[in-house]
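Here is how the chains run, residue by residue.
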Amino acid sequence: MRDKITQKTFNPLALEKKIEEDKQGMAYSGEGEGESERLAYIETYGCQMNFSDTEIVASVLKEMNYGFTTEESLADLIFINTCSIRENAESKVWNRLRSLRQAKKQRPDLLVGVLGCMAERLKVKLLEQEKLVDMVVGPDAYRDLPRLVSEAGGGQKGVNVLLSREETYAEIAPVRLNTNGVSAFVTIMRGCDNMCTFCVVPFTRGRERSRDWQSIVNECRDLVENGYKEVTLLGQNVDSYKYHDEETGENCSFAGLLEKVALIHPDLRVRFSTSHPKDITEEVLYTMAKYENICKYIHLPVQSGNSRILELMHRGYTREWYLNKIKKIREIMPDCGISSDIITGFCSETESEHEDTLSLMKAVNFDYSFTFAYSERPNTPAAKRMKDDVSEESKKRRLQAVIELQNIHSKESNLREIGKIRKVLIESNSKRSTNDFCGRTDQNKMVVFPKKEGLNFGDYCLVKITESSSATLKGEICV
Ligand code: SAH
Ligand code: SF4
Ligand code: F3S
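Residues numbered from 1 in each chain as written. Chains lettered and ligands numbered in written order. Predicted model: local features only at pLDDT ≥ 70, side-chain atom pairs only at ≥ 80, totals over all residues. Heavy atoms only, no water.

1. Thoughts on the environment of Met386
Let me state the cut-off plainly: Note on conventions: DSSP H or I runs of at least 4 residues are helices, E runs of at least 2 residues are strands, and numbering of each starts at the N terminus. We call a residue buried when its accessible area falls under 20% of the maximum for its residue type, exposed when it is over 50%, and partly exposed in between, using a 1.4 Å probe and counting protein chains only. Residue contacts follow a heavy-atom distance rule, with two residues in contact if any of their heavy atoms lie within 4.5 Å.
As for its placement among the helices and strands, Met386 is situated in the loop between helix H13 (381–385) and helix H14 (392–415). Among the residues examined, Met386 registers a relative accessible area of 17% and is labelled buried. The spatial distance from the C-alpha of Met386 to the C-alpha of Leu132 is 34 Å, given a sequence separation of 254 residues. Every residue in contact with Met386, bar those within four places of it in the chain, is listed here: Thr197, Leu312, Phe346, Cys347, Glu376 and Pro381.

What follows is the structure, given as structure tokens:
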């Protein structure tokens, strides 16, 4: 039963797990034929794309006949899949690598590799720390792992941080690391061409490229055949998905792809992340409205509520444009859940420009926001051309104001749910009690409710919402 996978704490269903500081070890419980001698341990930090990449890495390692463990002390190979988005995301990884130094001293055969965005950004620095890592592997180099692991095993450093214009890992079947077999991530594109001035992603993940739609549809179809009920289509900017089929001459946009995935099975829920306010089209909104199984939820990061700051960020829209988009979304889908990312204290942001972010939040009423104090990233356009001149104290204070306002809005948004009957996909047991299920509504709100006989993970049920807090809803299954 080599494919039976158990996972420690990460719930890949929860979009909230986008939080960069999160990490996860993974394991297969392996027994029986083909038992491999070598065991790998992988820990993942960063966004959903990174978690999805870890599934690609697991697939490549499985081909190399590695088994997996959640016990780092049992591993012959330890990979840390890393994130560079903010300074503290990188500090965590440095600390983690230092903590592994002792293990490496005690077990000279142990191989440690850094994967992902930090590998790309810090290749030289990682290698200079002689004793810390044996491999440095960028996000486009995972096919090269057999060579790199073998080189590292032979005492050389295994290094490949080449970024590709083509790599989409299209035909590599990810090894699903989730526990419940209900929900899966499907990467539809890689890289990003937007060059938001604060952002390191275009440098760590390279040029934007879209995966061919047929391989995406095939992967989703396989998931359905294996009992999955929800896919989240992933990309840094899904709205700029475009694929030109050389054979048929057909062009496929994101709206077209959404439709193709939605048509696979009416019981397959379709989610996606992340949308970009400048690129999300009305066609996408109408496609969402047309199909019951495309979840009515959009994560639409605004970053700032002030047009001058948005321009400095090179976001490609103004405050008014963003507010119009929100209006359009609500016209077409009045019940759509909307969340955002917000950065406080970007270069030269004044108090009154910060107030604009708060007033935009009030105008929109986001159901949820991920909020961050600006963290300058070396070599980004902002680091090169602008001064990181808002004091740490102001960044933090502004962040606190944004968080407090969001908490009020989240609470109100949840209160509005009370009395409503929502279709929920049962995802797992509640963390607090095995007498309760939990699952999400179409609008991406987590609901906890008492179990009912005959229902299990992966089933849909109608739940009447009875209680709410700023984080979760409680409810009862209605017959
Ligand atoms: N591609 C997605 C998100 C990428 S990173 C998008 O464009 O929305 C996720 C979030 O991290 C960003 O939306 C932004 O809010 C935040 N972020 C990125 N770089 C940052 C930085 N240098 N400092 C603080 N927050 C940052
Ligand atoms: Fe970064 Fe902007 Fe690309 Fe998002 S769209 S990944 S914020 S450059
Ligand atoms: Fe982090 Fe790289 Fe994702 S920088 S947010 S892991 S794309």
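2. Some thoughts on the site of ligand 3
What counts is decided by this rule: For this purpose, a residue is taken to be near a molecule or strand whenever a single non-hydrogen atom of the residue falls within 4 Å of it. Using a 1 Å grid laid over the protein atoms alone, points where a 1.4 Å probe fits but cannot get out form a cavity; open sets with protein on both sides within 12 Å along at least 5 of 7 lines form a pocket; any residue with an atom within 4 Å of a point counts as lining. To qualify as sitting in a cavity or pocket, a molecule needs more than half of its atoms within 2 Å of the grid points. Here the term charged refers only to Asp, Glu, Lys and Arg, the term nonpolar to Ala, Val, Leu, Ile, Met, Phe, Trp, Tyr, Cys and Pro, and the term polar to all other amino acids, Gly among them. In this document the domain limits rely on a domain assignment from an automatic tool or a database.
The immediate surroundings of ligand 3 are formed by eleven residues, with Cys47, Cys83, Cys117, Arg205 and Gln236 found nearest. In a pocket analysis with a 2 Å cut-off to the grid points, ligand 3 is assigned to the largest cavity. For the shell around ligand 3, the per-class residue count stands at five nonpolar, four polar and two charged. Each of domain 1 (2–160) and domain 2 (180–295) accounts for three or more of the residues forming the shell around ligand 3.

3. Thoughts on the environment of Arg432
Position of Arg432 relative to the elements: it lies in the loop between strand E19 (421–429) and strand E20 (436–441). Between the C-alpha atoms of Arg432 and Val448, which are 16 residues apart in sequence, the distance is 9.6 Å.

4. Describing empty space enclosed by the protein
If you roll a probe as big as a water molecule over the atoms, it shows you where there is empty space left. How we decide: Grid points are joined across faces, edges and corners, and a volume is the space filled by probe spheres set on the points.
Scanning all chains against the criterion turns up four cavities of 30 Å³ or more. The calculated volume of the largest cavity comes to roughly 680 Å³. If you trace the largest cavity, you find 40 residues lining it, with Ile85, Cys199, Val201, Gln236 and Asp341 closest to the centre. Of all elements in the fold, only helix H1 (48–63), helix H6 (201–205), strand E17 (337–344) and strand E18 (368–373) reach the threshold of two or more residues within the lining of the largest cavity.

5. Some details on the packing of helix H7 (residues 213–225) against helix H8 (residues 254–262)
A pair of packed helices is characterised by two quantities: the angle between their axes and the separation of those axes. Inclusion rule: In this analysis, axes come from line fits to C-alpha atoms, helices being fitted only over the stretch in contact, and the angle between any two N-to-C directions falls in the range 0 to 180 degrees. An angle below 35 degrees is treated as roughly parallel, one above 145 as roughly antiparallel, one from 65 to 115 as roughly perpendicular, and anything else as oblique. Should the near helix be turned anticlockwise from the far one by less than a right angle, the crossing is left-handed, and should it be turned clockwise, the crossing is right-handed.
Remark: H7 packs on H8, axes separated minimally by 10 Å, with the N-to-C direction vectors making an angle of 30 degrees. Overall, the two elements H7 and H8 adopt an arrangement that is roughly parallel. Crossing geometry of H7 relative to H8 is assigned as right-handed. For the pair H7 and H8, contact is made by Trp213, Ile216, Val217 and Cys220 and by Leu257, Lys260 and Val261, respectively. Across the contact of H7 with H8, the residue classes break down as six nonpolar, no polar and one charged.

6. What to know about the site of ligand 2
Taken together, Cys192, Asn194, Met195, Cys196, Phe198, Cys199, Val201, Pro202, Gln236, His276 and Arg315 make up the full set of residues adjacent to ligand 2. In this structure, ligand 2 is accommodated by the largest cavity. Of the residues assigned to the shell around ligand 2, the class counts are seven nonpolar, three polar and one charged.

7. What about the sheet that holds E18?
The condition that has to hold: By the convention used here, strands pair only if DSSP detects at least 2 bridges between them.
Ordered in space as E16-E17-E18, the three strands form an open sheet in which the pairing is parallel. Because the sheet does not close on itself, it has two edges, and the strands there are strand E16 (297–299) and E18. Along the sheet, successive strands turn relative to each other by an average axial angle of 10 degrees, direction set aside. Two elements, E16 and E17, share three bridges in a ladder whose sense is parallel. Bridge assignment links Ile298 to a residue of E17, and that residue is Ile338.

8. Brief notes about the sheet that holds strand E21 (residues 446–450)
Within a sheet, neighbouring strands are paired by backbone hydrogen bonds and run either parallel or antiparallel to one another. Overall, mixed pairing links the five strands, which are arranged E19-E20-E21-E23-E22 in a closed barrel. Along the sheet, successive strands turn relative to each other by an average axial angle of 50 degrees, direction set aside. Here E19 runs beside strand E22 (residues 460–468); their pairing, made up of five bridges, is antiparallel. Paired with Lys423 across the two strands is Leu462, which belongs to E22.

9. Description of H1
The condition is simple: For a helix, the expected span equals 1.5 Å multiplied by the residue count minus one.
For H1, built from 16 residues, the straight-helix expectation of 22 Å at 1.5 Å per residue is met to within 8% by its first-to-last C-alpha distance of 23 Å. Here H1 lies mainly inside the structure; 14 of its 16 residues are buried.

10. Looking at the side chain of Lys395
Formally: We define a polar contact as two N or O atoms separated by no more than 3.5 Å, with the added condition that, inside protein, one atom must be a possible hydrogen donor and the other a possible acceptor, whereas residues neighbouring each other in sequence contribute only through side-chain atom pairs.
In this structure, Lys395 sits in helix H14. A polar contact of 3.1 Å, which involves the side chain of Lys395, links it to the backbone oxygen of Tyr374. There is a polar contact of 2.9 Å between the side chain of Lys395 and the side chain of Asp388. Setting aside its immediate chain neighbours within four residues, Lys395 contacts Thr344, Gly345, Ala373, Tyr374, Asp388 and Val390.

11. Brief notes about the packing of aromatic side chains
The test is simple: Under the pairing criterion, centres of Phe, Tyr and Trp rings, with the six-membered ring standing for Trp, must be within 6.5 Å; the plane angle then separates stacked pairs below 30 degrees from edge-to-face pairs above 60, leaving the rest tilted. Our definition puts a charge over a ring when NZ of Lys or CZ of Arg is within 6 Å of the ring centre and also within 35 degrees of the ring normal.
In total, this model carries nine aromatic pairs according to the counting rule given. Taken together, a centroid distance of 6.0 Å and an interplanar angle of 15 degrees make the contact between Tyr142 and Tyr169 stacked. Taken together, the positions of Tyr142 in the loop between strand E7 (135–137) and helix H5 (145–153) and Tyr169 in the loop between strand E8 (158–160) and strand E9 (183–187) put the pair 27 residues apart, joining distant regions of the chain. Directly above the ring of Trp213 sits Lys260, whose terminal nitrogen or CZ lies 4.0 Å from the centroid. The ring centre of Tyr460 lies 4.5 Å from the NZ or CZ of Lys423, which sits over that ring.

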